[in-house]
Structures are given as C-alpha cells and as structure tokens.
Amino acid sequence: MKTNLRYIGVVDKDNFVHAVPFFSGVNVITGRSATGKSALIEIFDYCFGSSGYTVPEGKITDCADIYFIVIEIKNDTVVLARKSNGNKIFIKNERNLALLKKINMLNLEYFNNDYFIPLSDFKKEFRKYFGENMQISNSDDSIDALELRREKKKATPTIRSFTSFILQHQNLIANKHALFYRFEEKEKRDQTIDFFKVFVGFVDQNYYTKKFELDELLREKRRLESQIPKKEDLKIKARKDIENVIDQYNAISGKKLEFNQNELELNNPQDLLDKIKESDIEINALSDEHIIIKQNSERSLAQLTADLRKLQNELDDIESTIKFNETFKNNTKNISLPKKAEINNLSECPFCHQKCASIKEEVNSLSKAINWLNLELKHSNYSINSFIEDQKRTKDQIKVIKKKISLEQEKIKSIDQQINDLENYKTQYELALKAKLKSEILLEEFIEKPYDNLESDLDSLILKIDEIQLLLSEKYNVDSKLKKAENMINKYMAEISPNLGFEKSYEPVNLKFSLNTFDLWNDKNGKKVPLRSMGSGENWLSCHITLFLALNRYFCELGDSCSIPTTLFFDQPSQVYFPSFSIDNDAQFSIDNIKQKETLKEDEELDEDILAVTNLYSEFFRYCNDTYDNTGIMPQIIVTDHADNLKINNTNDATAFNKLVQGRRWREKNSGFIQSTVNRDNS
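Here the structure is a predicted model, which is why all the values come from computation and not from measurement.

**A few points about the layout of surface pockets**
In this model, the largest pocket occupies a volume close to 540 Å³. In terms of lining, the largest pocket is formed by 22 residues, of which the most central are Lys 123, Thr 158, Arg 160, Arg 182 and Lys 188. Contributing elements (two or more residues each) for the lining of the largest pocket: α1 (37–47), α4 (119–126) and α7 (186–199). The dominant element in the lining of the largest pocket, judged by the number of residues it contributes, is α4, at 3 residues. Across the lining of the largest pocket, the residue classes break down as 3 nonpolar, 9 polar and 10 charged.

**Thoughts on the confidence of the model for the chain**
Of the residues in the chain, 88% have a pLDDT of 70 or more, and the chain-wide mean is 85. Long-range and interchain partners of residues 140–146, a stretch whose pLDDT sits below 50, account for 8 contacts in this model, where long-range means more than four residues apart.

**Remarks on the state of the cysteines**
On inspection of all chains with the given rule, the structure shows 0 disulfides. The cysteine Cys 624 is free of any disulfide, with Cys 556 supplying the nearest cysteine sulfur at 8.5 Å. Since its relative accessible area comes to 2%, Cys 624 is described here as buried.

**A look at the side chain of Thr 163**
Residue position: Thr 163 is located in helix α6 (residues 163–166). The class of Thr 163 is buried, set by a relative accessible area of 0%. For Thr 163, the side chain forms a polar contact with the main-chain oxygen of Arg 160, separated by 2.6 Å. When sequence neighbours within four positions are dropped, the list of residues in contact with Thr 163 reads Asp 45, Phe 48, Tyr 181 and Arg 182.

**Things to note about a nonpolar patch on the surface**
Among the surface-exposed residues, Ile 283, Tyr 429, Leu 433 and Leu 437 lie close enough to one another that they form a single nonpolar patch of about 330 Å² accessible area. Examined against the element boundaries, Leu 433 turns out to sit in helix α13 (residues 428–448). For Leu 433, a relative accessible area of 32% translates into the label partly exposed.

**Remarks on the UniProt feature "coiled-coil region" (unreviewed entry) in the chain**
According to UniProt, the feature "coiled-coil region" (unreviewed entry) maps to residues 294–321 and 405–471 in the numbering used here. The distance from the first to the last C-alpha atom of residues 294–321 is 40 Å, and the span holds 100% helix and 0% strand.

**Some remarks on unusual backbone geometry**
The amide bond that connects Glu 507 to the next residue, Pro 508, takes the cis arrangement and shows omega of -5°. With respect to the secondary-structure elements, Pro 508 resides in the loop between α15 (478–496) and β11 (511–513). Even without being a glycine, Ser 536 presents a positive backbone phi close to 75°. The topology assignment puts Ser 536 in the loop between β13 (527–530) and α16 (537–558). Although it is not a glycine, Gln 572 sits at a positive phi angle of roughly 55°. Mapping Gln 572 onto the fold places it in the loop between β14 (567–571) and α17 (591–597).

**Section: the environment of Val 55**
Mapping Val 55 onto the fold places it in the loop between α1 and α2 (59–63). In the structure, Val 55 is positioned 29 residues away from Ser 84 in sequence and 9.0 Å away in space, judged by C-alpha atoms. Residues within four places of Val 55 in sequence aside, it is in contact with Glu 42, Ile 43, Ile 60, Thr 61 and Tyr 67.

Parameters and conventions
- Residues numbered from 1 in each chain as written.
- Predicted model: local features only at pLDDT ≥ 70, side-chain atom pairs only at ≥ 80, totals over all residues.
- Heavy atoms only, no water.
- 1 Å grid on protein atoms, 1.4 Å probe; cavity = no way out; pocket = protein on both sides within 12 Å on 5 of 7 lines; lining within 4 Å.
- Points joined across faces, edges and corners; volume = space filled by probe spheres on them.
- Helix = DSSP H or I, 4+ residues; strand = E, 2+ residues; numbered from the N terminus.
- Nonpolar A, V, L, I, M, F, W, Y, C, P; charged D, E, K, R; others polar.
- pLDDT = per-residue confidence, 0-100.
- Contact = heavy atoms within 4.5 Å.
- Disulfide = S-S within 2.5 Å.
- Buried < 20%, exposed > 50% of the residue type's maximum accessible area, 1.4 Å probe, protein only.
- Polar contact = N/O pair within 3.5 Å; in protein donor to acceptor, adjacent residues only side chain to side chain.
- Patch = residues over 30% accessible without salt bridge, like charges linked within 9 Å, V, L, I, M, F, W, Y side chains within 5 Å.
- Areas by Shrake-Rupley, 256 points an atom, 1.4 Å probe, with all protein chains shown as cover.
- Salt bridge = Lys/Arg side-chain N within 4 Å of Asp/Glu carboxyl O.
- UniProt positions renumbered as here; feature names shortened; annotations may be inferred.

Pasting the structure below:
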C-alpha cells in the first residue's frame, strides 16, 4: 500500500508545534548527538498503536503534551496522535489538506477529545485504511464455542505487524541475532509470519472460513480415530451406566420399570427409551428392592475383588520370573560356554594297554549336556518375551477388573445416597423421578453417539477434508504463491547486495530469505551460512539493508493489493563504521573531525569506511528511483544519522545529498527536533 509519512511532530505544553516534514523518496535527518533523531522512530511507533511508551526520556518528554504523525495512505491523509502514556489515540481522516500546509494549526485546539478512541478500537479503525485484506477475521468462533473447546480467540491481522517491515531501530539494524522488530516475542513473530499471506493479498475471508471448517473437521477426525479402538469399551461403559441408573430407579421406587431385561443390550435403544418415557412412576414404600440390588452389587463386588487379587498374584509371579530370567541372562553373558566335547581315540591303560570304553560314554554324556545347556540358554530370550506378553495381558485384565469394581462401588454408593436423601426429607417420588430422567438422558446420549457407525463417520469426514484441502490447494495455492514471492525477493536481494559493503570472504554474496521461517542466510557454494554465523557489523548491516529494500520493492510491485506500507525507517546505519558518532557534538560534519575521533583507524581503512557509507546512501537513492521507474510507486525511506555532506554516486548533482536532507540538519547550537521548526512568533 502506497504510503507517505508527511510529518512527525510534538505539541508542547505551551501549545507550540514542533514538526519534521517528510516527502517521498529518501529523507535524511542528520545531526549531532542528543538532538532527537532517534526519538522520531519511537514517536512514529507510539502513534502507530504501540502498547508501550518508549520515547526516550529527556527534553522531548519533558516538554511534549501531544505526539502526532500525519500519514498519507493511498488517497487518504490520516492524523494520528497520543498523549504521554495515553491509552487512547486520536485518529482523523483530514480532508482539509490546506490545513496541513500550515502545520502550526495542528495545535492543542486541533486535537479534539472526541477523536481520541481506546487503543483496541483504534487498531480496528486504522486497519480499514489498508484495504480489504485487513478486514479478514482468522476465526468466526463465538465466545460460547471457544469456551466449549477451551481455546483462546485467534488473532486477526493487525496493523501492528506492519512495524516489523517498516522499522529498523539503532540496536536492530546491524544485529546478527534478530532481523525484525517485535520478533523477540514469539506470539507476535508467529502472527506476522502467518498473516504475511493476508497482507500481500494471497488469501481472502473465504480462505479463513474454509480453513476454520477444515480445522474443525480435522479435530473431529482425531476424536473419531481415538474412539474407534475403544468403541467396545465405550459401548460397555455406556450400557453399564444405563443399567446402574435403572437399578437406582428400581431401588428407590421399589417397582421395576417394565421392559425385557434383554433390552439392556441396547440393540434397539430408541425402543427402550420410548418404553421408559411412557412408564409412570410407581412407588412401593414397603419394597426391599434396594436391599436386593445392593446385596447383588456387594456379591458382585466381592467376586471382582477376588478376581483382582488373583490377577495381582499372577502378575507378581510373572514379574518375579521376568526378573529372574533377566538376572540369569546377564550372568550367563560372562560364562565361556563349551561348544563340544570329544576324544580322538579311546583311552588306553598305560600298564596293560587295554582300551577303556567308559570314558567314551562319559564324553558322550557331557556332549549331550553341553548341547542341552546351549539350547536352554537360547530359549531364555524367548521365555522373557513370552512372559512380557503375559505381563501386558494380565495388566490389561487388572485394568478392566478395576473399572468394574469402580462401577459397582458407585452403584452401592448411589443406593446409600438415596437413603441419605430420604433422611434429608426428599421424597421417594422425587428421587425416582431423578433416576428415571437420568436414564432417559443417558439413553439419548447413547443414541446420539452410534458407536457402530464410527468407521463410516470417519470415512465421510475424510471425504469432506479432502474436498476442502483440494479447494484450498486449487483456488488459493498459498504454498506456490509464497514460493514465487520468495523467488522475487531473492532476485531483488541479488540486485541490491552487490552495491553494499560485504567482506571479500563472502563474495559473491548470494542471500536467500524464507517466507516460511523469515530466516536469512548466505548461500556459499551450496553451504547455508545463517546471519548469526557471519562475521563483522558491516555484513550484518548490509544483510538488513538488502533484505528490507528487497521486501519493500516486492510490496511496491504488488501495489494496492498489498496492505504493507511502502515507508521504511533506518536509524543510524553508519554507526557500524563510525562508533565515535555516539559522541558527535560538532557544529560541522567533516572528514577531518572523524579522523581525529577514529584514531585507531588507518587512513586507508577510514577511506574505505567513508566509501561504504557513501555507497549505502547512493544505494538508497538508486533504489528509490529504480523502483519508481519500474512500479510507478516512489518508496519512502527515512534515515536518521550523523553522516553528512556525502557525494551521491552516479549523479552529477553536487547538491544531491543536501536534497535528501532538505534542511533537516541539526548541528547548530540549540538545533534539534524541538527547536528545528517551531516559529513561536507565528504560532
């Protein structure tokens, strides 16, 4: 979306307006330290809806009453303003453009309280200016539906994500660990990456509606897949629950509901439900039905407890055997086993030279024993495996028995509870009605969940999922569009990077960017060298500048179909080459002064750094003109820096750099953001 930031300003407590004007193309604000250059990017961010108030403490915060920006978005001119630590934002589509030519008119009287709205409402209102893409909702969930699924409401595209593509702060512009503003918070990073396809117009509301439907179907598919292996258990439990609640009715009423006991198999649950609904509640106060049911349950519980003890003993034996076998196996590892036993000749008595046959028999017996031992040792592994299978089977049986015991205990407890309820003055009729209604509810739930149809339901679901996935793939084909966009951005980086300063060891530079992860790396002969593995601030700075110019070029190429603004902020990019700029207090910018401060640098090295900074600004200049020629959109690049009086390459205009500054030079005493434009006599 074509944007032009027209002003960043402050209305001070004396109602004087301090404003910095901007135009399309490259805008340089140059000056010494502590003149308010870096505050500009913070004021922009604050007026753009930041939840934090990060304007640097000092002269500006001391005098400011209202911060404001004026920004052109396509055909609209919007004024945004905030008070210090304010939770409301002024937003007005200013149609009286003549008023903006007299910026002093944007005083305290202009900022009518009626235009200040809460921050959350501002974000919804302001995003309307950035096209239909920003009206997309990521979810059509009602609050009730979200609470039912215990999920948080999904985020919707927000104008705050734009700042990741616009702002490069002083501490970020040459950072090897981070590329994008706000990405230190994972949630904001993920949202920006996820909504990129929305910002550039690859998807619309129908995409998210279908995507939401697909998520629902996939969730249901997972539920069915988890239920199918357990469907028999679920059916048995459902039957048992219904049987128990009917027993509760019989126990409290003293009269049995009239239906055949075989119908509790629930082969025709609707018929059973009809019979129960048609049954009148009859009470027999003298009945001992509850005693009979409780005794049956207690006998069943006793039998189950006995079965459980038996299985627990079996499990203990199995685990002891497994442990013994493992010990035996470990011990035999250290035994050197004989493979055979033999004698070549029958032994002979040394005195009478008579042959001795008994030794041969003993050798044969020993040989048989060795073979048996080796065979048994081989079988030990199989034995352990078979015992492990027995162990698993027994554990499963114990689990089933425990569930049955739990159900019987609940049954006995419910009968005892009925007696307690009677003691607390509830009537037999009330308790019988409660049990009858509960049985009807359980039967209705059973009918609504036809366990026998789980497989066919899953098949139907998979067909619907395939249809939506095919629709999303054919109509939107997001992956293919992202890949194409990625190739375009990489192509622009290949055009920009040769004009910026990279160390010789990285040349030829071949930068690549992923729209799936937002990672940047240099492809060096097929080897992926991520930004964090590159050396020197010069490389990091050039990587940042190259990527953000390439992204900006791509947004300009898309024109109005892209919601992301075409404005870029770079805060003090030359400080990578000249750290002494942080103590720059000179009234004039000169190479000689830099040489004195950069005492550790040789003249040749200093010349190379000056050349690199010159190339940087020349590339900004070339990039804007080239983009305008190719897209019809002149990007807006705002650079706050100490560098000055540079000679822009490939132009014969000696005043080219001054045209980028356009009077925004803050070097004189008392010059700066607050003093730069105010004319108190005319205000």
